[in-house]
Amino acid sequence: MSLAAPTSKIALRISLSRDDLLMRVGLVALVGVLLLIVALPLWALLAKGFEDRDGHYVGLANYISYFSTPALFNSALNSFHVAAVCTAIVVPAAFMYAYALTRTVLPGKWLFQGISLIPIFAPSLLPGLALVYLFGNQGFFKGLIGGSIYGFDGIVIAQVFYCFPHATMIMVTALATADARLYEAADALGASKIRVFFTVTLPGAKYGLISAALVVFTLVITDFGIAKVIGGNFNVLATDVYKQVIGQQNFSMGAVVGMVLLAPAALAFLVDRLVQRKQVALLTARAVPLIPKPKFGRDLFFTAFCTLVSAGILAILGMAAWGSLIKYWPYNLSLTLANYEFANFDANGWESYFNSLRMAAGTAIVGTALMFVGAWLNEKTRGFGVIRGIVQLLAFLPMAVPGIVLGLGYIFFFNAPNNPLNFLYATMAILVINTVAHFYTVGHLTATTALKQIDPEFESVSASLKVPIWKTFGRVTAPICLPAILDIAIYLFVNAMTTVSSVIFLYAPDTKLASVAAVNIEEAGTTAAAAALCLVIVVTSAAVKALHLLADRFLLGRLQAWRRR
Amino acid sequence: MGKTSILRRVVLAGATVLAATGFGGSAWAQKTKLTVYTAIENEQLEPFKKAFEADNPTIEIAWVRDSTGVVTAKLIAEKDNPRADVIWGLAASSIGLFASLGMIEPYTPANAAALKPMFKSGKNPETWVGMDAYLAVLCFNTAEAEKGKKAKPTSWADLTKPEYKDSIVMPNPASSGTGYLTVAGWLTIMGEDAGWKFMDALHQNVAQYLHSGSAPCVQAAKGERLMGIGFDMRGATEKTKGAPIDLIVPKEGLGWEMEVTAIMKGTKNLEAAKKLADYSSSLKANEMYGKYYAIVANPTVKSMPVNYPPDGEKMMAKMDVEWMAKNRERILAEWTKRYDGKSAPKAK
């Protein structure tokens, strides 16, 4: 024994180190890619915060002048206020909704799941337009709210609609993977329902809850589209960026506000690190999945709750659908299909829609591969802590960057005459790269969450069987994570269909996107046509999602059978 | 196998994306492709392109169109490696900024002599030539006025009457060029002191400062607000579509802005760019502008688009473009301090 141990240890280290080396090289390459698509373009713009308008270095002068303006402080307070309120509404609601989907017996579960996703299929223009139709000064239900929809209330309602699916998706992932043995044990020990909830359910979902809160908070803080349409005079940081960059072409000040907006992301990163340290794999090799049993009172309550939430979502979507058919709101309410003849409102007509499809497909394919392989490298590489920390930080950045900042940064970086990559500028490829970068965070988080749930035993066993790590990746890890991989692909696709703020700076004559066209059409006053284009986008993404669900069922049936007892 | 297939997918996807970007496209086509940045209205893009290409069959226009603010920001951001050949239809103040940054190729187009002096940069050779002028008018919803028994205003001073409380929208000058020219117009007409005093009083009646120059007249047209101060052409087209609005030119006069044409320094298609600049200042082109705008650069064009206020041109304030550019930061800072900082959500 004492003789055999050292030799086997050496043999093990040698066989491992080839894998380790491979993965470390991969990880360094990943850092390189992330630097190119996230950090350097971002810095290309943020560096302007330290320059005056003529490009001379001025140190912190811009920051000092910005922080001494009372308007900023006001905007920052407003941003935090609105983000905090939205988080406080969305996270508990999403938790309950996800709980209903995963832990209760819900009639028509697939339908509720589908409806909860609708907001993510819609450009952020849509809830704003629908709210004006519903509660605006000419709205059908303007009497229901005690004041003007323009301002704080409007932003909160629209943001809650918009952020709900993001939080629900994270909570479903967190609640879906429970070990039934824990509940059986609690039951056997005679723990009360409330005690089980606080000692088993909640701790298991803790990481999901915190992630959901961070995602919602930063989404609200950085989103500009909603504040622009429905925000009234309620100034937020994102509208400040718009004023500086679009209104006054003052990139220096825009960069300063952009930097301020990174604060929540830095916070999110720190919190995430702290929480992750305590996170353990839920789905150990011996875990037994939890399958909810019918229980009348509980199921009735959650069915009612989900019906209520779904009704709210459908009301907003339905209003937009009706609005898209109205001839001239509010003076001629007769219906027409003319608003779907997009060539009458935008020179590119339907062409921009097909550009969007191409862009979204490219983003889904390239982005999913990069994010999943990247997250895998980051999770499974042993040691190399500093580099892994850098990957984690770079992956978190995009979530907190307002699209305007990222888009302009892309111009400065990818259009620089001395950048060898500048052939990419003004092509479809730059739109794909930009969108992958913009939505990197959630894809990375989803992949990481999925990978964390796999017991490291799989790798250890493979390693001791001398199976190269990439074979384990291809034969075990990727198939196990296939649902998550599909989720990431769909997430990227639907976001690519709706994204505006960053790509608006990057499209070329032949690559205009439908989401940008919708904003242009709305600005030109043809609200109904803008609503129509938003709906075409919603229907497309919903159709793609429906295909995904079918594929999921088929693949889950074949590849995920082991999850069942 | 898993890894190779993923690698293959990445490569394939990359190839697809590259193919989709048009590398196989019209690179060897006969025509010169001219990249033209613009902020003209969407419905003008096709007719403008067709008209120019009919006269210049060897040149093809590729538009990049967005709102004035986005196009201006994009052009400045691209300064070190310009992608545009020509700017056809962007605010004169933006081009003035580009000229001061050395981004414009000076060129006096063939037909420049025929244009009104106001529609030229005044430099030799010209840095830009004008196409049309637009005004910041008052769009007044008559249907809502009837419901609320509100009188129709005829002057800016009328707007400060208490009966219009919370019923006016105008563009935020910090977000919108139209907003700035409106404010600068008031300061020009009334003088600084009286101008700020007027805006203090107006502020009491403003329901919201919007982020675009088109939005105020659109909101007035849809009855969302009683009236909006904004871009004239948007009001006219909304009226044509059936909106119950009147376009009012207040009797004190009003602020305005021009749309102009300029050539980008460093363009690889200078000859074609000059052809477009020549065309843009031609009588033919001016007649085309006249279908959309009441005030165009060529004095012989006398056309009045549908639903346009007839007396706009003579009411244009004597705006000093250089003064406007030089004092922009100061005015916006003052405006923001007075009206934007304290914009807590107010109950209507």
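If you're wondering where the values come from, they're calculated on a predicted model, not measured in any experiment.

Definitions and cut-offs
Throughout, a residue's number is its position along its own chain's written sequence, starting from 1. Chains and ligands are labelled sequentially in the order written, the chains with letters from A and the ligands with numbers from 1. Totals for whole chains, interfaces and linings use all residues, but because this is a predicted model, local features are given only for residues with pLDDT of at least 70 and pairs of side-chain atoms are given and counted only at 80 or more. Secondary structure elements follow DSSP: runs of H or I no shorter than four residues count as helices, runs of E no shorter than two count as strands, and numbering proceeds from the N terminus. Radius of gyration means the value over C-alpha atoms here, while the globule rule gives 2.2 Å times the residue count to the 0.38 power. A residue is called partly exposed when the number of other C-beta atoms within 10 Å of its own lies between 12 and 20, exposed at 12 or fewer, and buried at 20 or more, with C-beta atoms placed from the backbone. Remark: residues whose backbone-derived C-beta atoms lie within 7 Å of one another are considered to be in contact. Put simply, Ala, Val, Leu, Ile, Met, Phe, Trp, Tyr, Cys and Pro go in the nonpolar bin, Asp, Glu, Lys and Arg in the charged bin, and everything else, Gly too, in the polar bin. These domain limits were set by an automatic method or by a database of domain assignments. We define the nonpolar core as any set of buried residues of the types Ala, Val, Leu, Ile, Met, Phe, Trp, Tyr and Cys, connected via C-beta atoms lying within 7 Å of each other. For helices, the fitted line uses only the C-alpha atoms of the stretch in contact; every axis is such a line through C-alpha atoms, and the angle between N-to-C directions lies from 0 to 180 degrees. Relative orientations are named as follows: roughly parallel for angles under 35 degrees, roughly antiparallel for angles over 145 degrees, roughly perpendicular for angles from 65 to 115 degrees, and oblique for any other angle. Handedness of each helix crossing follows the sense of rotation of the near helix against the far helix: counterclockwise by less than a right angle gives left-handed, clockwise gives right-handed. For two strands to pair, DSSP has to find at least two bridges joining them. Each residue after the first adds 1.5 Å to the expected span of a helix.

### Examining the overall build of chain A
Thinking step 1. Summing up its helical and strand segments, chain A has 22 helices and two strands in all.
Thinking step 2. In terms of overall size, chain A behaves like a compact globule, its C-alpha atoms giving a radius of gyration of 25 Å where 565 residues would be expected to give roughly 24 Å.
Thinking step 3. When its C-alpha atoms are laid out on the principal axes, chain A stretches across 85 × 65 × 45 Å.
Thinking step 4. By residue count, 54% of the 565 residues in chain A fall in the buried class.
Thinking step 5. Looking at chain A alone, contacts between residues at least 24 apart form 82% of all its contacts between residues at least 6 apart.

### Side note on the overall build of chain B
Thinking step 1. Each helix and strand in chain B was counted, giving 13 helices and eleven strands.
Thinking step 2. Evaluated residue by residue, chain B yields a buried proportion of 52% over its 348 residues.
Thinking step 3. Sequence-distant contacts in chain B: of pairs separated by 6 or more residues, those separated by 24 or more amount to 74%.

### Some remarks on the interface of chain B and chain A
Thinking step 1. With 64 residues of chain B at the contact, the number on the chain A side is 63 residues.
Thinking step 2. Those elements giving two or more residues to the side of chain B that touches chain A turn out to be helix H1 (2-20), helix H2 (42-55), strand E2 (59-65), helix H3 (68-77), strand E7 (206-210), helix H8 (215-221), helix H9 (232-240) and helix H13 (328-340) of chain B.
Thinking step 3. Looking at which element gives the most residues to the side of chain B that touches chain A, the answer is H1 of chain B, with eleven residues.
Thinking step 4. Tallied by class, residues from the side of chain B that touches chain A come to 25 nonpolar, 22 polar and 17 charged.

### Structural notes on the domain arrangement of chain A
Residues and elements named next belong to chain A.
Thinking step 1. The domain architecture assigned to chain A consists of domain 1 (12-47 + 345-565) and domain 2 (58-323).
Thinking step 2. Centre-to-centre, using C-alpha coordinates, domain 1 lies 21 Å away from domain 2.
Thinking step 3. Listed per partner, the contact involves 42 residues of domain 1 and 43 residues of domain 2.
Thinking step 4. If one sorts the elements of the side of domain 1 that touches domain 2 by residue count, helix H22 (residues 527-559) sits on top with eleven residues.
Thinking step 5. Looking at the side of domain 1 that touches domain 2 residue by residue, the classes come out as 27 nonpolar, seven polar and eight charged.

### A look at the nonpolar core
All names here are of chain A.
Thinking step 1. Core analysis: the biggest nonpolar cluster contains 305 residues, and Val216 and Cys534 have the highest contact counts within it.
Thinking step 2. It is helix H6 (residues 152-176) that provides the largest number of residues to this core, a total of 16 residues.
Thinking step 3. Once you skip the residues sitting within four places of it in the chain, Cys534 turns out to touch Ala122, Pro123, Leu125, Leu126, Ala320 and Ala518.

### Quick word on the domain arrangement of chain B
All names here are of chain B.
Thinking step 1. For chain B, the assigned domains are domain 1 (30-133 + 257-296) and domain 2 (134-256 + 312-340).
Thinking step 2. Spacing between the C-alpha centres of domain 1 and domain 2 amounts to 27 Å.
Thinking step 3. Each partner contributes to the interface: domain 1 provides 15 residues, whereas domain 2 provides eleven residues.
Thinking step 4. Contributions of two or more residues to the side of domain 1 that touches domain 2 are made by H3, helix H4 (92-100) and strand E5 (129-141).
Thinking step 5. Top contributing element to the side of domain 1 that touches domain 2 by residue count: H4, with three residues.
Thinking step 6. Classifying every residue of the side of domain 1 that touches domain 2 by side-chain character gives seven nonpolar, five polar and three charged.

### A few points about the packing of helix H3 (residues 70-103) of chain A against H6 of chain A
All names here are of chain A.
Thinking step 1. Running from amino to carboxyl end, H3 crosses H6 at an angle of 40°, the nearest separation of the two axes being 7 Å. Judged by the angle between their axes, H3 and H6 are oblique. The interaxial crossing formed by H3 with H6 has right-handed handedness.
Thinking step 2. For the contact of H3 with H6, the residue count by class is 24 nonpolar, three polar and one charged.

### Some thoughts on the pairing of strand E3 (residues 86-91) of chain B
All names here are of chain B.
Thinking step 1. Within E3, six of the six residues are buried, which leaves the element mostly enclosed by the surrounding structure.
Thinking step 2. Here strand E1 (residues 32-38) pairs with E3 via two bridges, running parallel. When the bridges of E3 are listed, Val36 appears paired with Val86.

### Regarding helix H14 (residues 385-400) of chain A
Thinking step 1. Here H14 of chain A contains 16 residues, and its C-alpha end-to-end distance of 24 Å stays within 8% of the 22 Å for a straight helix at 1.5 Å per residue.
Thinking step 2. Buried within H14 of chain A are the following residues: Val391, Leu394, Ala395, Phe396, Leu397, Pro398, Met399 and Ala400 of chain A.

### Considering H3 of chain B
Thinking step 1. Within H3 of chain B, nine of the ten residues are buried, leaving the element largely enclosed by the surrounding structure.
Thinking step 2. Listed in full, the buried residues belonging to H3 of chain B are Thr68, Gly69, Val70, Val71, Thr72, Ala73, Lys74, Leu75 and Ala77 of chain B.
Thinking step 3. Lining the buried residues of H3 of chain B we find helix H10 (237-247) and helix H15 (403-414) of chain A together with E1, E3, H4 and helix H6 (177-190) of chain B.

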